[in-house]
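# An overview of the molecular structure
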Amino acid sequence: MDTLKAMRVFVRAMELGSLSAVARELGTSQPTVSKTVAALEADLGVRLMERTTTRLTPTEAGRRFYAHALTVLDAYGEAVGEARGLADHPSGRIIVSAPVSLGVLRLNALVLEFLQAFPDVDVDLRFDDRFVDLVEAGVDVALRLGASLPPNVVARRIAVSPRMLVAAPGYLARHPPLRQPADLIDHQLLRFTWLATGEDIVLSDARGRSASVEAPCRYRVNNSLAMRESFLAGAGLGLTPAWLVQDLLDRGDLVPVLPGWHGSPQEAFLVYPSRRYQPARTRALLAFLAERLPALPGFAPAGK
């Protein structure tokens, strides 16, 4: 049995969730792929995945073996590249995970630019607001917002985005003026479902003062794109990271509310599995995003 080949087949089966999908990708038959995985299981003496007619489910041993197999295959690829003088040439496939709204609004354009700069690299960009298990999902690089990060990963803090109150001019024209945080009680707040401060809007100013206001809220939503549209529709005002609305602020479609007051900034991290060997393609993408993301509208470098 070609062990490295069998490991590659198993890894792709885990990532694609289907033996048939692996067969199509490799240009072979599903029974051939199934026999390869079965031979690997026989060689290891453990069952790596449970098979049904519709899906593959990794066993606990399969999940652990998958993590180690990725490391082995990465190390082998690096060794081959070094032997061929290609270790520093980015090529191959990268799986990237990112939050839905940030991915659609900002990251998608950056990835397309990266692909232009590195024509031998393929990117599989997956949008997911959950903190996925990078090893189990086969993710090479994840972009994550907020300080709550999964264990057993490397996390690089690369950018911050200030949080501010915003509203549409039309909404403000129909409601009482806002001069201080206490005035928020006379307004309709739009809220992210996952806001960590509970029912209160917590603000601070440049003088070090803080204010906590429990304002009325009739609409909560767990998606940033929906919140963005709600601001534009004049449904209310809310506290939002600048990256979500900076373009709308620049055009005047939204305006800052109580501009001297702000919420805690949102942090952006590049997250990747703790592996000793990183292919050139992964190193190139990490460097690219670390340079370009802080320069996007609504972000600033993490050190500032």
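Residues numbered from 1 in each chain as written. Predicted model: local features only at pLDDT ≥ 70, side-chain atom pairs only at ≥ 80, totals over all residues. Heavy atoms only, no water.

As annotated in an unreviewed UniProt entry, the chain carries the name LysR family transcriptional regulator and comes from Cupriavidus pauculus. Per UniProt, the chain has the following entry under Sequence similarities (unreviewed entry): "Belongs to the LysR transcriptional regulatory family." (UniProt positions renumbered as here; feature names shortened; annotations may be inferred.)

## What to know about the domain arrangement of the chain
One can read the domain layout of the chain as domain 1 (3-84) and domain 2 (88-303). Computed from C-alpha coordinates alone, the two centres of domain 1 and domain 2 are separated by 35 Å. Here domain 1 and domain 2 share an interface that buries about 960 Å² over both sides, 54% of which is from carbon and sulfur atoms. For the pair domain 1 and domain 2, the interface holds one salt bridge. As a salt-bridge pair, R93 and E15 come within 3.5 Å of each other at their nearest N and O atoms. For the pair domain 1 and domain 2, the interface holds zero residue pairs in polar contact (both at pLDDT 80 or more). When residues of the side of domain 1 that touches domain 2 are traced back to their parent elements, those giving at least two are α1 (3-16) and α4 (60-83). (Domains from an automatic or database assignment. Buried area = accessible area lost by both parts, 1.4 Å probe. Salt bridge = Lys/Arg side-chain N within 4 Å of Asp/Glu carboxyl O. Polar contact = N/O pair within 3.5 Å; in protein donor to acceptor, adjacent residues only side chain to side chain. Helix = DSSP H or I, 4+ residues; strand = E, 2+ residues; numbered from the N terminus.)

## Structural notes on helix α3 (residues 30-44)
Spanning 15 residues, α3 covers 21 Å between terminal C-alpha atoms, matching the ideal 21 Å at 1.5 Å per step. Listed as buried for α3 are V33, T36, V37, L40 and E41. In an axial view of α3, the angular spread of the buried residues amounts to 135°, which keeps them on one side of the axis. Exposed residues lying more than 90 degrees from the buried face of α3 are K35, A42 and D43. (Expected span 1.5 Å × (residues − 1). Buried < 20%, exposed > 50% of the residue type's maximum accessible area, 1.4 Å probe, protein only. Arc of directions from axis to C-beta.)

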